[in-house]
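Inside the fold
Chain by chain, the residues run as shown.
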Amino acid sequence: MSYAIPTNELTLTDIKAYKAAAVEAGVKRGILKLGISRGEEVVREAQTGIDFPGAYVPGVENYITGVLAAGWNFVGSLGAAAVLPVGMVAVFYKIADWSGIPNITAVRFRVGGTGASTKGTFNIQVPINTKVESEVYLSEPIVYDPQDVLFIQCYAIAAGPAENLGFGCFIIEKVGANVS
């Protein structure tokens, strides 16, 4: 079951546990998909413009929507879905919305683009809009395999300006690819 947990409902121990669960899910998937053994992996925070080429402006380490239409909108500053590079597993564990008056009420993680399969949908309206929280943790990590098309969407309750979203995401890769 997918749901969002506001940070003010979590202890530091809870946050560490959610991050550890995300790392473990990513490492297990990395062992399966990257052909590595435990201890051969590097776990690091994702760099938006570098790790998700084609969908995000290089050097801009955030996720900007386009001008929002009411309904589902693509999350990506260049308007294209990102293809996760060979040799990487991505695992998302947190969503943030830094808008003063958020218009986005939900985020869904999909694979493949329009008509794609959905990995998880998270309603963020209550924790972000009514509790004045800027970020929520995910009840379950969302894991993408190498060469998956990351198609992340947000639901806007009305048409409006672009919003600046953020995601907590770990990259799992083999030692030596980017970090030795």
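Residues numbered from 1 in each chain as written. Predicted model: local features only at pLDDT ≥ 70, side-chain atom pairs only at ≥ 80, totals over all residues. Heavy atoms only, no water.

Details of the side chain of Asp51
Tracing the backbone shows Asp51 in helix H2 (residues 48-51). Engagement of the side chain of Asp51 in a polar contact is seen with the side chain of Arg44, the distance being 2.9 Å. When sequence neighbours within four positions are dropped, the list of residues in contact with Asp51 reads Arg44, Glu45, Ala46, Leu84, Pro85, Met88 and Ile171. (Helix = DSSP H or I, 4+ residues; strand = E, 2+ residues; numbered from the N terminus. Polar contact = N/O pair within 3.5 Å; in protein donor to acceptor, adjacent residues only side chain to side chain. Contact = heavy atoms within 4.5 Å.)

Thoughts on the side chain of Asp145
Of note, Asp145 is situated in the loop between strand E9 (135-144) and strand E10 (149-156). Accessibility expressed as a relative area gives 11% for Asp145, which makes it buried. Polar side-chain contacts of Asp145 include one of 2.6 Å to the side chain of Arg29. Excluding residues that lie within four positions of it along the chain, Asp145 makes contacts with Arg29, Lys33, Leu84 and Met88. (Buried < 20%, exposed > 50% of the residue type's maximum accessible area, 1.4 Å probe, protein only.)

Quick word on the pairing of strand E7 (residues 104-111)
A large share of E7 lies buried, amounting to 8 of its 8 residues. In this sheet, E10 lies alongside E7 in antiparallel orientation, the contact comprising 7 bridges. Across the sheet, the residue bridging to Arg110 is Phe151, located in E10. (Pairing = 2+ DSSP bridges.)

Digging into the pattern of salt bridges
In total, this model carries 5 salt bridges according to the counting rule given. Among the ionic pairs, Arg29 bridges to Asp145, the shortest N-O distance being 2.6 Å. Taken together, the residues Arg29 in helix H1 (residues 12-34) and Asp145 in the loop between E9 and E10 connect sequence positions 116 residues apart. With a closest N to O distance of 2.9 Å, Asp51 and Arg44 form a salt bridge. (Salt bridge = Lys/Arg side-chain N within 4 Å of Asp/Glu carboxyl O.)

Section: the environment of Val67
Tracing the backbone shows Val67 in the loop between strand E3 (63-64) and strand E4 (71-74). You can call Val67 exposed: its relative accessible area is 71%. Note: C-alpha distance between Val67 and Gly160 (93 residues apart in sequence) is 6.2 Å. Apart from residues no more than four positions distant in its own chain, Val67 is found in contact with Asn73, Gly160, Pro161 and Ala162.

Here's the deal with unusual backbone geometry
One non-glycine residue, Gln147, lies in the positive phi region at around 70 degrees. Turning to its location among the elements, Gln147 is positioned in the loop between E9 and E10. For Gln147, a relative accessible area of 55% gives the class exposed.

What about the nonpolar core?
For soluble globular proteins, the rule of thumb is that nonpolar side chains tend to be buried together. Grouped together as the largest cluster of nonpolar side chains are 31 residues, with contacts concentrated most on Phe52, Phe92, Ile95, Val107, Phe109, Tyr144 and Phe167. For Phe52, the contacting residues outside a window of four places in its chain are Ala46, Gln47, Tyr63, Ala82, Leu84, Ala90, Phe92, Leu150, Cys169 and Ile171. If you look at the next biggest cluster of nonpolar residues, it comprises 12 residues, including Leu10, Ala22, Val27 and Phe170. (Core = buried A, V, L, I, M, F, W, Y, C linked by side-chain atoms within 4.5 Å.)

Here we look at the environment of Gly26
Of note, Gly26 is situated in helix H1. Counting along the chain gives 147 residues from Gly26 to Glu173, while the straight-line C-alpha distance between them is 9.5 Å. With sequence-adjacent residues up to four places away left out, Gly26 is seen in contact with Val89, Val91 and Ile172.

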